[in-house]
Amino acid sequence: MGRRKIEIKRIEDNTKRQVSFCKRRNGLLKKACELSVLCDAEVALLIFSSRGRLYEYANNSTKSTIERYKNACLDSAESSSIAETNTQYYQQESAKLRLLIQNMQDSNRHLLGEEVSSLNSKDQEQLESKIVQGLIKIKSKKVMELENENAYLQANVAEVERLKQANSNMSVQDLNAFQALSLNSFTPIAVEGSTSYSQPEQNILRLG
């Protein structure tokens, strides 16, 4: 027959309770010692009896182990607090961005003339003001572009007029010299099927 399972509840008999306490306390202290040796773990065990008597085991200093436990709990609490704070911040920022995107989408639809009837009078006035401001900006940009283009054309016309005036002021002698220079620098190009001969060469050809 196997061992009979004991119901886990408070033992009412004082003597039996004391005997069970001593046996299980010693077994627990033995297991704590084995755990620390076999697994190289830092173990601290504190037991208070019903009469307030302290029993303890620690493979290191019990006080240092408790301090290590407090620091571990503190670091865990701080990490948890930081993670929770970051999560709340990102959730808030995400909600703000979603709202901003939704507002921009609604504004674009209204500018295209969609769902305008759902706006109240104040929103309709603001929409009209935005459209007017947009048209003013577009018109100003067009005017600036036309002014720049006009200034560019005027500069070109002024340059042409300057060159024309400079040519008209050129003296006849300078003009003749320019024409002579142009003729001297001209190199005739031979045309296929035609030959140019000097006067003596022409006479020899006639005699032949």
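In this text the structure is predicted, and so the values were computed from the model without any measurement.

Observations regarding the overall build of the chain
1) Next: When you go through the chain residue by residue, the secondary structure sums to five helices and two strands.
2) Next: Summarising the internal contacts of the chain: among those between residues at least 6 apart in sequence, 14% fall at separations of at least 24.
3) Next: Surface accessibility of the chain: about 19000 Å² in total, with carbon and sulfur atoms responsible for 57%.

Here's the deal with the layout of surface pockets
1) Next: In this structure, the largest pocket spans a volume of roughly 420 Å³.
2) Next: Together, eleven residues line the largest pocket, and Ile6, Lys9, Ile11, Ser20 and Arg24 are the ones closest to its centre.
3) Next: Tallied by class, residues from the lining of the largest pocket come to four nonpolar, one polar and six charged.
4) Next: The space that makes up the second largest pocket amounts to roughly 230 Å³.

A few points about the UniProt feature "coiled-coil region" (unreviewed entry) in the chain
1) Next: Here the UniProt-annotated "coiled-coil region" (unreviewed entry) positions come out as residues 136–163.
2) Next: Helix makes up 100% of residues 136–163 and strand 0%, and the two end C-alpha atoms of the span are 41 Å apart.

Considering the nonpolar core
1) Next: Leu29, Ala32, Val43, Leu45, Ile47, Tyr55 and Tyr57 together form the largest nonpolar core, which totals seven residues.
2) Next: Put simply, the parts of the chain that give this core at least two residues each are α1 (14–39), β1 (44–48) and β2 (54–58).
3) Next: Look past the residues within four positions of Leu45 in its chain and what remains in contact with it is Leu28, Leu29, Ala32, Tyr55, Glu56 and Tyr57.

Description of helix α2 (residues 62–111)
Because the α-helix completes a turn every 3.6 residues, residues three or four places apart line up on one side.
1) Next: Relative to the 74 Å expected for 50 residues at 1.5 Å per residue, α2 spans 73 Å between its end C-alpha atoms, a close match to the ideal helical length.
2) Next: Those residues of α2 that are buried are in contact with β1, β2 and α3 (121–168).
3) Next: Looking one or two residues past α2, Gly113 carries a phi angle of roughly 85°, positive in sign.

A short note on α1
1) Next: The end-to-end C-alpha separation of α1 is 37 Å, in line with the 38 Å expected for 26 residues at 1.5 Å each.
2) Next: Buried residues of α1: Arg25, Leu29, Ala32 and Ser36, and no others.
3) Next: Considering only its buried residues, α1 is in contact with β1 and β2.
4) Next: Where α1 starts, the residue carrying a side-chain oxygen 3.2 Å from the main-chain nitrogen of Thr15 turns out to be Asp13.

As for the confidence of the model for the chain
1) Next: With 79% of its residues at a pLDDT of at least 70, the chain reaches an overall mean of 79.
2) Next: Across the chain, β1 holds the top mean pLDDT of 94, while helix α5 (residues 199–207) sits lowest at 51.
3) Next: Note that pLDDT drops below 50 for residues 186–194; the model gives that stretch zero contacts with residues more than four away or on any other chain.

A short note on the packing of aromatic side chains
1) Next: Applying the stated criterion across every chain yields a total of one aromatic pair.
2) Next: If you follow Arg25 out to its NZ or CZ, it ends over the ring of Tyr55, 4.3 Å from the centre.

Looking at the pattern of salt bridges
1) Next: Following the criterion strictly, the structure yields five salt bridges and no others.
2) Next: Arg10 is the partner of Glu12 in a salt bridge, and the nearest nitrogen-oxygen pair spans 3.3 Å.
3) Next: What makes Glu12 exposed here is its relative accessible area of 61%.
4) Next: Among the ionic pairs, Lys96 bridges to Glu93, the shortest N-O distance being 3.8 Å. Residue Lys96 and its partner Glu93 are both found in helix α2; the two are separated by three residues, about one turn of the helix.
5) Next: Residue Glu93 is classed as partly exposed on the basis of its relative accessible area of 27%.

Regarding the pairing of β2
1) Next: The side-chain alternation of β2 yields one buried face, formed by Tyr55 and Tyr57, and one unburied face, formed by Leu54, Glu56 and Ala58.
2) Next: Where β1 lies against β2, five bridges are found, and the strand directions are antiparallel. Paired with Ile47 across the two strands is Tyr55, which belongs to β2.
3) Next: Count of turn residues in the β1/β2 antiparallel hairpin: five residues, of which Gly52 carries a positive phi of about 90°.

Here we look at the side chain of Arg25
1) Next: Structurally, the position occupied by Arg25 is in helix α1.
2) Next: An unpaired buried charge is present at Arg25: no salt bridge exists, and Glu56, the closest side chain of opposite charge, is 13 Å distant.
3) Next: Excluding residues that lie within four positions of it along the chain, Arg25 makes contacts with Ile47 and Tyr55.

Analysis parameters
- Residues numbered from 1 in each chain as written.
- Predicted model: local features only at pLDDT ≥ 70, side-chain atom pairs only at ≥ 80, totals over all residues.
- Heavy atoms only, no water.
- Helix = DSSP H or I, 4+ residues; strand = E, 2+ residues; numbered from the N terminus.
- Contact = heavy atoms within 4.5 Å.
- Areas by Shrake-Rupley, 256 points an atom, 1.4 Å probe, with all protein chains shown as cover.
- 1 Å grid on protein atoms, 1.4 Å probe; cavity = no way out; pocket = protein on both sides within 12 Å on 5 of 7 lines; lining within 4 Å.
- Points joined across faces, edges and corners; volume = space filled by probe spheres on them.
- Nonpolar A, V, L, I, M, F, W, Y, C, P; charged D, E, K, R; others polar.
- UniProt positions renumbered as here; feature names shortened; annotations may be inferred.
- Core = buried A, V, L, I, M, F, W, Y, C linked by side-chain atoms within 4.5 Å.
- Buried < 20%, exposed > 50% of the residue type's maximum accessible area, 1.4 Å probe, protein only.
- Expected span 1.5 Å × (residues − 1).
- Polar contact = N/O pair within 3.5 Å; in protein donor to acceptor, adjacent residues only side chain to side chain.
- pLDDT = per-residue confidence, 0-100.
- Phe/Tyr/Trp six-rings, centres within 6.5 Å; stacked < 30°, edge-to-face > 60°.
- Lys NZ or Arg CZ within 6 Å of the ring centre and 35° of its normal.
- Salt bridge = Lys/Arg side-chain N within 4 Å of Asp/Glu carboxyl O.
- Pairing = 2+ DSSP bridges.
- Lys, Arg positive; Asp, Glu negative; His and termini not counted.

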